[in-house]
Amino acid sequence: MSEDRVLSIVTPGKVSLEIKDPVDPTALQQAKAILEELRPDNSPVVVKEKLLGVAQRLGDIPAESSYTVSSEACRAAFDGLADTERASLVNIHARVKAFAEAQRSAIQDMEMDIPGGKAGHTVTPCKVAGCYAPGGRYPLPSSVIMTVVTARAAGCETVLLASPKPAPITLAAAHIAGVDKMLCVGGAQAVAAMAYGVDTEIPRCDVLVGPGNKWVTAAKSIVNGHCGIDMLAGPSEVLVICDETASPAIVAADLIAQAEHDVVARAILLCTSQATLDAIDQQVASQLASLVEPNQSTAREAMKQSFAVNCGSIEECIELSDAIAPEHLEIQTQDATEVGKKCRNYGGLFLGEHAAEVLGDYGAGPNHTLPTGGTGRYTGGLSVFHFLRIQTWMRVDDPKASQSMVEDSVVMARLEGLEGHARAAEARRQT
């Protein structure tokens, strides 16, 4: 391997799946301590004075400052945007809203006949949704749109948002998305505030969603069960499957776009052409050299755990990709749509050269909050379904016609050794 190569070359048999626990053990202990501090004597809610103290100590808010942002301030931030910025925000909001509403319409109430009656399900939203949008290195108004708009489309009555040190564009996104209560705190303290509620000011949420740092992830793992969560997100990742028809410059740009997210992000290349692979690596080196700081340093560090594989066939690419189950999967090959149909495990799929993953980041419609670290093997990205409950029901209108169910229940209950169950069924006999 050349010393100036950016992407390490590995053989298919040496590919590391990197399936790791997304919860950092040190962050977990720190998050537990924060949650205990916020809820002294196991208080059922977060104590406001404790939240203010933690938020001030950890740098979320200055002394003598509120932990919330008013709707008027969010509206003022929206009105204060440049026309081009406001137009982009409006356009992104409209596309994400349209997709989420289409998802919601895809599942409806239903009912069917059962012996002597009817059974069915109803689809109902949770009452209160809690959404988290990262602050950190870069403001992420797109995460505000992706989480809040989706909760709104699901029909949640109240939507909370937490984001530390929110930039004006974040406040503007909160306004257009329709946030009811905005908290300007982050980390474990924000998760606790939404999961448990704050005194009588902030209601506790039924479900809590959105990506965050390791303390957010750790805190979500703690409150899971007290409220629902979407997922425990790990480092971001992209995997590109390509052949000799791919544009090296475009593939390289997409790999770098992912790598600049974080020093622990991963960019993975699976290519059937050694010549194309080498050309992509050269483009990565060239494009990295002109990237601004601190993005360049971040991307270079991320490239250290990124890699490329020269595969013998597209089928081998698909097999490796399914084993990795990447957060983002790009297909830049001949017949990209057909190749994509053969892939099973991924968070989001981007078909063809022009379906850039960054377009998904910024509101083509599908949600950008996606499963990482191999969890795409069994779950999907954030959607309206995270805020919905499928509640089943049954009724018996004709007791005589229901007797086959009654007798089957008596038999099965005694096979399971549950005599009380059997007798409860027998009480419904009509003979």
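Residues numbered from 1 in each chain as written. Predicted model: local features only at pLDDT ≥ 70, side-chain atom pairs only at ≥ 80, totals over all residues. Heavy atoms only, no water.

Student: Is there a simple way to explain the overall build of the chain in this structure?
Tutor: Of the regular secondary structure elements, the chain holds 16 helices and 15 strands. By principal-axis analysis of the C-alpha atoms, the chain measures approximately 85 × 60 × 45 Å. Per-residue burial over the chain gives 48% buried out of 431 residues. Residue pairs in contact within the chain that sit at least 24 positions apart in sequence constitute 71% of those at least 6 positions apart. Between the centroid of the 36 positive side chains of the chain and the centroid of its 53 negative side chains there is a distance of 7 Å. (Helix = DSSP H or I, 4+ residues; strand = E, 2+ residues; numbered from the N terminus. Buried < 20%, exposed > 50% of the residue type's maximum accessible area, 1.4 Å probe, protein only. Contact = heavy atoms within 4.5 Å. Lys, Arg positive; Asp, Glu negative; His and termini not counted. Charge placed at Lys NZ, Arg CZ, Asp CG, Glu CD.)

Student: Is there a simple way to explain the side chain of S273 in this structure?
Tutor: Within the secondary structure, S273 is located in the loop between β11 (266-271) and α10 (274-289). A polar contact of 3.0 Å, which involves the side chain of S273, links it to the side chain of T276. Not counting chain neighbours up to four residues away, the residues in contact with S273 comprise E244 and N310. (Polar contact = N/O pair within 3.5 Å; in protein donor to acceptor, adjacent residues only side chain to side chain.)

Student: Please clarify how the sheet that holds strand β5 (residues 128-132) should be interpreted in this entry.
Tutor: Paired through their backbone hydrogen bonds, the strands of a sheet run either parallel or antiparallel. A sheet is described by the order of its strands in space; here six strands give the open sequence β2-β7-β6-β5-β8-β9, paired in mixed fashion. The open sheet has two free edges, formed respectively by β2 (68-69) and β9 (228-229), since each of these has just one partner strand. With five bridges joining them, β5 and strand β6 (residues 158-162) adopt parallel strand pairing. Note that in β6 the partner of A129 across the bridge is V159. Across the sheet, helix α7 (residues 187-196) touches β5, β6, β7 (181-183) and β8 (207-209), and the angle it forms with β5 is around 170 degrees. (Pairing = 2+ DSSP bridges. Axes fitted to C-alpha atoms, helices over the stretch in contact; angles between N-to-C directions.)

Student: Quick question: what am I supposed to make of the packing of helix α9 (residues 248-259) against helix α11 (residues 295-303) here?
Tutor: Two numbers describe how α9 lies on α11: the axes approach to 8 Å, and their chain directions differ by 100 degrees. Between α9 and α11, the crossing angle belongs to the class labelled roughly perpendicular. Contact residues: L255, I256 and A259 in α9; T298, A299, A302 and M303 in α11. Looking at the contact of α9 with α11, its residues break down into six nonpolar, one polar and no charged. (Parallel < 35°, antiparallel > 145°, perpendicular 65-115°, else oblique. Nonpolar A, V, L, I, M, F, W, Y, C, P; charged D, E, K, R; others polar.)

Student: Help me understand helix α6 (residues 168-177), please; the structure alone is not making it clear to me.
Tutor: For an α-helix, the turn length of 3.6 residues means that residues three or four places apart are oriented alike. With respect to burial, α6 is a largely interior element, seven of its ten residues being buried. Within the span of α6, buried status applies to T170, L171, A172, A173, A174, I176 and A177. Once α6 finishes, G178 follows within two positions and takes phi at roughly 90 degrees, a positive value.

Student: Could you clarify how one ought to interpret the pattern of salt bridges in this entry?
Tutor: Proximity of charged atoms lets side chains of opposite charge pair with each other. In total, this model carries 17 salt bridges according to the counting rule given. We note a salt bridge from E101 to K97, for which the minimum N-O separation is 2.8 Å. Linking E101 with K97, this pair stays in helix α4 (residues 83-105), spanning four residues, or about one helical turn. Among the residues examined, K97 registers a relative accessible area of 35% and is labelled partly exposed. The shortest N-O distance in the salt bridge between E338 and K341 comes to 3.2 Å. With E338 and K341 both in helix α13 (residues 336-342) and three residues apart, the pair spans about one turn of that helix. Its relative accessible area of 41% is what places E338 among the partly exposed residues. Assessed through its relative accessible area of 61%, K341 is described here as exposed. Shared partners join several salt bridges into a network, and the residues in it are E407, R414, E419, R423, E426 and R429. (Salt bridge = Lys/Arg side-chain N within 4 Å of Asp/Glu carboxyl O.)

Student: I would appreciate a short explanation of the packing of aromatic side chains in the present structure.
Tutor: Each aromatic ring pair is characterised by the separation of its centres together with the angle its planes make. Using the criterion set out here, one finds zero aromatic pairs in the structure. In this structure, R39 is placed above the aromatic ring of Y196, and the distance from its NZ or CZ to the ring centre is 3.8 Å. In this arrangement the basic side chain of R86 is found over the ring face of F78, its NZ or CZ atom lying 5.9 Å from the centre. (Phe/Tyr/Trp six-rings, centres within 6.5 Å; stacked < 30°, edge-to-face > 60°. Lys NZ or Arg CZ within 6 Å of the ring centre and 35° of its normal.)

Student: What should I look at first to understand the environment of D230 in this one?
Tutor: Position of D230 among the secondary structure elements: in the loop between β9 and β10 (237-242). Residue D230 is classed as buried on the basis of its relative accessible area, which comes to 9%. Look past the residues within four positions of D230 in its chain and what remains in contact with it is L208, V209, G210, K220, T369, L382 and H386. Only 2.9 Å separates the side chain of D230 from the backbone nitrogen of G210, close enough to count as a polar contact. Within the structure, the side chain of D230 is placed 2.7 Å from the side chain of K220, a separation counted as a polar contact.

Student: What exactly am I supposed to notice about unusual backbone geometry here?
Tutor: The omega torsion across E293 and P294 is 5 degrees, close enough to zero to call that bond cis. In this structure, P294 sits in the loop between α10 and α11. At D41, a residue that is not glycine, the phi angle is positive and equals roughly 55 degrees. Mapped onto the secondary structure, D41 falls in the loop between α1 (25-38) and α2 (48-57). One non-glycine residue, D335, adopts positive backbone phi at about 50 degrees.

It is worth stressing that arrangement in space is one thing and function is another; only the former is reported here.
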